[in-house]
Amino acid sequence: MFNRVAGMRDSWGKHTNLNRNPMLASAAAIATTAKLLSPIISDIYKGAKSAGAKGFLAWDSSTFPKKLARRLRTLEEVRTIWTPDKDVSLLTFYYASRMEIDGLTATPHRLADVGPRQLVIEGIVGQGKSVLLRYLAIQEVLSNDARTLPIFLELRRLTKTLRLSDAILQHLSSLDIVVDEKSLDYLYSSGKVSLLLDGFDELEEDLVKETTAAIDLLASKHPELQILVTSRPNHEIQKSAYFRRAQIAALRTSDYSSFMQKLGLEATKVAVIKEAIRRSPSKISGLITTPLMLTLVVMVYESEKEIPESLPEFFERLFRVVFSRHDRLKASFNRRQKSGLSERKLQSLFEAFCFMVMQNGFGRSLSYDEFQNSFEQALEYSGDTVCDAENFRYDLTKVACLMLEEGLDTTTFLHKSLMEYYSAAFIKHSMEEVASLFYISAREDFSPWREVLSFLKEIDPYRFSRDFLVPELEEADSKLKRLVERRDDEDLSDFLKDTFPNLVVTFAQDEESMDWRLVSLGPFGRTKSWPLRDFDTPVARALSEQFPSGMPRQQLLDIVFKYKLGTSDQKHFDIPPKVLALEFGSKELWRAVGTLSAQIERGLYEARKIIGDQQKRKLIFARRPVAQ
């Protein structure tokens, strides 16, 4: 029952297909946008003509600016959990995110604001990475001096038959570019386009390595090409030496008023909700650091007039709220449920459905057959519940709007974290044996369930600690203590090899100086050990600090020949960390291991305390009544 699941998409809301109509932008807005785009279209066309690139002939047409404007304005069309049943312009509600870039905090408002170099935009669940990327793109287009044209791609759509290069070529063809090698090389090198790659963390695992290599190749071959990639933390793209990293900053309490006003709330209601948040338990108020979470809090408070005290209760209330929203918002319109199930039974079925979707590895967007299969399996695990798949789909897409219909054959979860939470709730509400089977199975490879396990840590802390966390921590603690006590570099190399089997440090030759420079670290891959899940970041930092970022040509070749790593005519070399440790020492790596060991020991103490506190309750039944 428990196996792998493919990665899924993360964004604040569902984004419409670029070819979707009708347009939200009016004819006047399209005309204005076309006028704003005309200078950069002219620059690209003239530059291509001078360079002998013939793929842009259609761009000389007088009607082309309007055509491109109509296409690019679709970037602003989104559907959010606040407005789940219609597309809206993100420009009407978007609250500009602060980002931490190169040690500085800034609020970018267009692509030009983040600089010309390659950048990974990193954010946790619900921080609005996708909406931010679209916002920067559309604002660049609408500026009076647009410097680049955005090429926006969702990486979740890549498959074994649709690689990154194929997706880019398809997109360019749709922009009336006759793609040939010369035209493509000109476009990438012109500095006039930006490649926006959304959702790196949603790539299927077997596409990660080649997609990372393809992105790195573009970055190295075309340094003038601005490339922005969004991702959750701790993925391969963050390890690339070609990319800077920017973190989306958490929402502050001082952001709440402006954010809620963007949602259309009146000042008096904003003040009431802010006060309710201030008085709410820290377990909830401490989580209100993302646009998604604050939006959900507002939805629950508007219906319940209070903020629940715990995360499980909060999501329980949320489920009730989304099924009553239409009645509250549209008094003259009553969209009745078709499933015929009580709210409690419908929620239980939805929990089982979410879990089976993840269990099957179907991802966030489901085909008709995938929806049907997951529903039938969920029904099997939902006791005496009787329901029809189409009626269930109707309630989810038309009444609760927790899922959306895209086209004729696809149903998509409104937000990935909803699927992840209710999958966790399925385990939380399962009998002891089922929960234990899940936790034991997750120990074999936790990565498909990473966010689900994070929710379970909060909502099922005893069983999570007993059946999953403590065994994981004890195994890692024992291994690390032996490693630290022996402090043998050979043991350290073996540990790194076991943890990151394919990890290498890649050096490439600078064409001008002929010296070698460090260009990438990785691939780290996905470790199967929960305590080591974030260890790649300190290891990457240690490798960067311990080893030189560049070496003279002969120095590197001496190392290559000494350890038989290649020949002198190669353009790049992949050096194992073990070799570099032998040559340059391993002090920083040992520091990273020591820090990890201390963290695991502390985590083990806390997890055992959770278990001990619960087991003390058994003593209640050993107590004898006090004699009167």
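For the structure given in this document, a descriptive report is provided here. (Residues numbered from 1 in each chain as written. Predicted model: local features only at pLDDT ≥ 70, side-chain atom pairs only at ≥ 80, totals over all residues. Heavy atoms only, no water.)

1. Section: the packing of aromatic side chains
How we decide: Pairing of aromatic rings covers Phe, Tyr and Trp, the last counted by its six-membered ring, and requires centre-to-centre distances within 6.5 Å; plane angles under 30 degrees mean stacked, over 60 mean edge-to-face, and any other angle means tilted. Relative accessibility decides the category of a residue: with a 1.4 Å probe and only protein chains considered, values under 20% of the type maximum give buried, values over 50% give exposed, and everything between is partly exposed. Helix numbering and strand numbering both begin at the N terminus, where a helix is a DSSP run of H or I of at least 4 residues and a strand a DSSP run of E of at least 2.
The tally for this structure, following the rule as stated, stands at 35 aromatic pairs. Seen from their ring centres, F56 and W59 are 5.4 Å apart, and the 85 degrees between their planes marks the pair as edge-to-face. For W59, a relative accessible area of 5% corresponds to the buried category. Their ring planes at 40 degrees and their centres at 5.5 Å tell us that F464 and F468 sit as a pair that is tilted. Of this pair, F464 and F468 both sit in helix α19 (residues 461–486), separated by four residues, roughly a single helical turn. For F468, a relative accessible area of 0% puts it in the buried group.

2. Let's talk about the pairing of strand β17 (residues 572–575)
Counted only if it meets this: For two strands to pair, DSSP has to find at least two bridges joining them.
Side chains of β17 alternate between two faces, with F573 and I575 buried and H572 and D574 left unburied. The pairing of strand β14 (residues 504–509) with β17 spans four bridges and is classified as antiparallel. Bridge pairing in β17 places T506 opposite D574.

3. Overview of the sheet that holds strand β10 (residues 244–248)
Counted only if it meets this: A fitted line through C-alpha atoms serves as each axis, taken over the contacting stretch for helices, and the angle formed by two N-to-C directions is quoted from 0 to 180°.
Strand order in the open sheet formed by seven strands is β5-β4-β10-β6-β9-β8-β7, with mixed pairing between adjacent strands. What marks the edges here is a single partner per strand, and that holds for β5 (104–106) and β7 (149–154). The average undirected angle you get between the axes of adjacent strands in this sheet is 25 degrees. Summarising the sheet, β7 and strand β8 (residues 193–198) pair through six bridges and their orientation is parallel.

4. Things to note about the packing of α19 against helix α20 (residues 489–499)
Put simply, the rule is: These descriptions rest on fixed angle ranges, namely under 35 degrees for roughly parallel, over 145 for roughly antiparallel, 65 to 115 for roughly perpendicular, and the rest for oblique. In a left-handed crossing the near helix is turned counterclockwise from the far helix by less than a right angle, and in a right-handed crossing that turn is clockwise. Contact between two residues is taken to exist if any of their heavy atoms lie within 4.5 Å; hydrogens are not considered.
Taken N-terminus to C-terminus, the directions of α19 and α20 make an angle of 150 degrees; their axes are 9 Å apart at the nearest point. Between α19 and α20, the angle falls in the class roughly antiparallel. Regarding α19 and α20, the two cross each other, and that crossing is left-handed. In this structure, α19 uses K479, L480, L483 and R486 to contact α20, whose residues at the interface are D491, L492 and F495.

5. Notes on empty space enclosed by the protein
Let me state the cut-off plainly: Here a cavity means grid points, on a 1 Å grid over the protein atoms only, where a 1.4 Å probe fits yet cannot get out; a pocket means an open set of points with protein on both sides within 12 Å along at least five of seven lines; lining residues are those with an atom within 4 Å of a point. Grid points are joined across faces, edges and corners, and a volume is the space filled by probe spheres set on the points. Three classes are used, and their members are as follows: Ala, Val, Leu, Ile, Met, Phe, Trp, Tyr, Cys and Pro are nonpolar, Asp, Glu, Lys and Arg are charged, and the others, Gly among them, are polar.
Counted by the stated rule, this structure contains four cavities of 30 Å³ or more. Approximately 90 Å³ is the volume attributed to the largest cavity. The residue makeup of the lining of the largest cavity, split by class, is seven nonpolar, three polar and two charged. The computed volume of the second largest cavity comes to approximately 60 Å³. Around the second largest cavity, the lining residues are W59, L68, L72, L149, P150, I151, L172, L175, I177, L187 and V193. Of all elements in the fold, only α2 (64–73) and β7 reach the threshold of two or more residues within the lining of the second largest cavity. Among the elements that make up the lining of the second largest cavity, the one with the highest residue count is β7 (three residues).

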